Amino acid sequence: MRLHLRGVVLPGDEVRDLWVHDGIITFEPVRDAETLCDTGWIVPGLVDAHCHVGIRYGGGNEDREGALAQAEVERDAGALLLRDAGSPIDTRFIDDHHELPEIIRAGRHIARPKRYIRELGIELDDERDLPEIVAEQARFGDGWVKIVGDWIDRSVGDLSPLWSDGILREAIDAAHREGARVTAHVFGEDALPGLIGAGIDCIEHGTGLTGDTIAMMAERGTALVPTLINIDTFPEIADGATKYPTYAAHMRDLHRRVRDTVADAHAAGIPIYTGTDAGGSITHGRIADEIEALAGAGLSRHDALGASSWGARKWLGRDAIEEGARADFLVYRNDPRLSAAVVRAPAHVVLRGRVFAGRDPVTGHR
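Not measured: the values here are computed from a predicted model. (Residues numbered from 1 in each chain as written. Predicted model: local features only at pLDDT ≥ 70, side-chain atom pairs only at ≥ 80, totals over all residues. Heavy atoms only, no water.)

A. Summary view of the side chain of Asp 158. By the secondary structure assignment, Asp 158 is in strand E13 (residues 158–161). Within the buried set, Asp 158 has no salt-bridge partner at all; the shortest N-O distance to an opposite charge, 9.4 Å, is to Arg 115. In this structure, Asp 158 is in contact with Trp 151, Ile 152, Asp 153, Thr 246, Tyr 247 and His 250, ignoring residues within four places of it in sequence. (Helix = DSSP H or I, 4+ residues; strand = E, 2+ residues; numbered from the N terminus. Buried < 20%, exposed > 50% of the residue type's maximum accessible area, 1.4 Å probe, protein only. Lys, Arg positive; Asp, Glu negative; His and termini not counted. Salt bridge = Lys/Arg side-chain N within 4 Å of Asp/Glu carboxyl O. Contact = heavy atoms within 4.5 Å.)

B. Examining a negative patch on the surface more closely. Together, Glu 119, Glu 123, Asp 125, Asp 129, Glu 132 and Glu 136 make up a region of like negative charge exposed at the surface. Within the element layout of this structure, Asp 125 appears in the loop between strand E10 (122–123) and helix H2 (130–140). (Patch = residues over 30% accessible without salt bridge, like charges linked within 9 Å, V, L, I, M, F, W, Y side chains within 5 Å. Areas by Shrake-Rupley, 256 points an atom, 1.4 Å probe, with all protein chains shown as cover. Charge placed at Lys NZ, Arg CZ, Asp CG, Glu CD.)

C. Structural detail: the nonpolar core. Core analysis: the largest hydrophobic core is formed by 82 residues, its most contacted members being Ile 110, Leu 130, Ile 147 and Leu 195. Residue contacts for Leu 130: discarding those within four places in its chain leaves Ile 110, Leu 124, Ile 147, Trp 163, Ile 167, Leu 168 and Ala 171. Counting 16 residues, the second largest nonpolar core, distinct from the first, contains Leu 36, Cys 37, Ile 42 and Phe 329. (Core = buried A, V, L, I, M, F, W, Y, C linked by side-chain atoms within 4.5 Å.)

D. How the structure looks around a positive patch on the surface. There is a patch of like positive charges on the surface, built from Lys 114, Arg 118, Arg 154 and Lys 243. Structurally, Arg 154 is set in the loop between strand E12 (150–153) and E13.

E. Focus on the pairing of E12. In the sheet, E12 pairs with E13 via four bridges, with the strands oriented antiparallel. Each bridged residue has a counterpart across the sheet, and for Trp 151 the counterpart in E13 is Ser 160. Linking E12 to E13, which pair antiparallel, is a turn of four residues; within it Gly 157 sits at a positive phi near 75°. (Pairing = 2+ DSSP bridges.)

F. Summary view of the pattern of salt bridges. Applying the stated criterion to the full structure yields 26 salt bridges. Ionic pairing is found between Arg 56 and Glu 62, a salt bridge with its closest N-O pair at 3.6 Å. The closest approach of N and O atoms between Asp 76 and Arg 75, which form a salt bridge, is 2.9 Å. The residues Asp 76 and Arg 75 share a single accessibility class, namely buried. Look at the salt bridges and you will find they share partners, linking Asp 90, Arg 92, Asp 95, Arg 105 and Asp 142 into a network.

G. Structural detail: helix H9 (residues 258–267). Considered for burial, the residues of H9 that qualify are Val 258, Thr 261, Val 262 and Ala 265. The arc that holds the buried residues of H9, viewed along the axis, is 95°, so those residues lie on one side. Exposed side of H9, more than 90 degrees from the buried face: Asp 260 and Ala 267 are the residues found there. Against helix H5 (211–220), strand E16 (223–225), helix H6 (228–231), helix H8 (245–256) and helix H10 (287–295) lie the buried residues of H9. Phi turns positive one or two residues past the end of H9, at Gly 269, with a value near 90°. (Arc of directions from axis to C-beta.)

Remember, this is a structural readout, not a statement about activity or role.
Listed below in structure tokens is the structure:
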């Protein structure tokens, strides 16, 4: 398919012409190209940097058809690149479906017995096995490994770390030797110093960040994916934890201050990217809501969109809109930096040079 487009190409403000030939972007004219748009805003494909293709909404593992449907929902929402931050099933069969988003996988969650969601991750009886299992998952994944940094410890009735600092250093070093980066689920405060000090590459959620750990992350360039729309479920989680009042109060407090925490992290220069945590308790296709949540937590609308587009793509080693890049982008009738309503309704979704119908700006349907 040969396409011609004209519009404002973000992150810049310049009106430009671009062409697509054989699924690749070029700024050189292509003969006999069909004009897809002659006005509008052209945006590098959105990124959900924390989602779970393969976990069924409400719990349990998806079958193949369900996982394909989840990926299709993400595509229709404009999320053309997904970092799957842990999945109990092998979703590599989706790679054969070129009409669906690219998935960068982190293998399976790595946790301790009774210290994470049952049957979702790999559970280690002995923490000394962590470096070996991290290296194994690094070889299985697509350049990422996901560990569970903290979870409720029922013996103390609150969040607490899963791993000792020395083992974390060994494990993260093992992943780095395999050429993989490591990220960790962390809600509370206590696990963060050990993880950051061990050289972890990214923190998921990060609700327990303090001035000291924000400074540590900023110094090391550690990224943050705050998953704000998932954090908004904390009050409900607390309501269901009546047997653990200390934990419940802690979760409510983390939720209460999370927007300020993200604002402080952004002000300190920590790289922040969008992730919805879709799968389980969050439905897929909500990337616009996460962008809006970041805009409500101190990021400008330009930066919030960038955290889910050109910035996130660069972080994950993928191109934006440039000469020779794969044609993965969105076309909007209006500036998507105006509101979440605009982000939810791309006029066209272009994936690998193939055009998919956008969403109606009023109904939100294709």
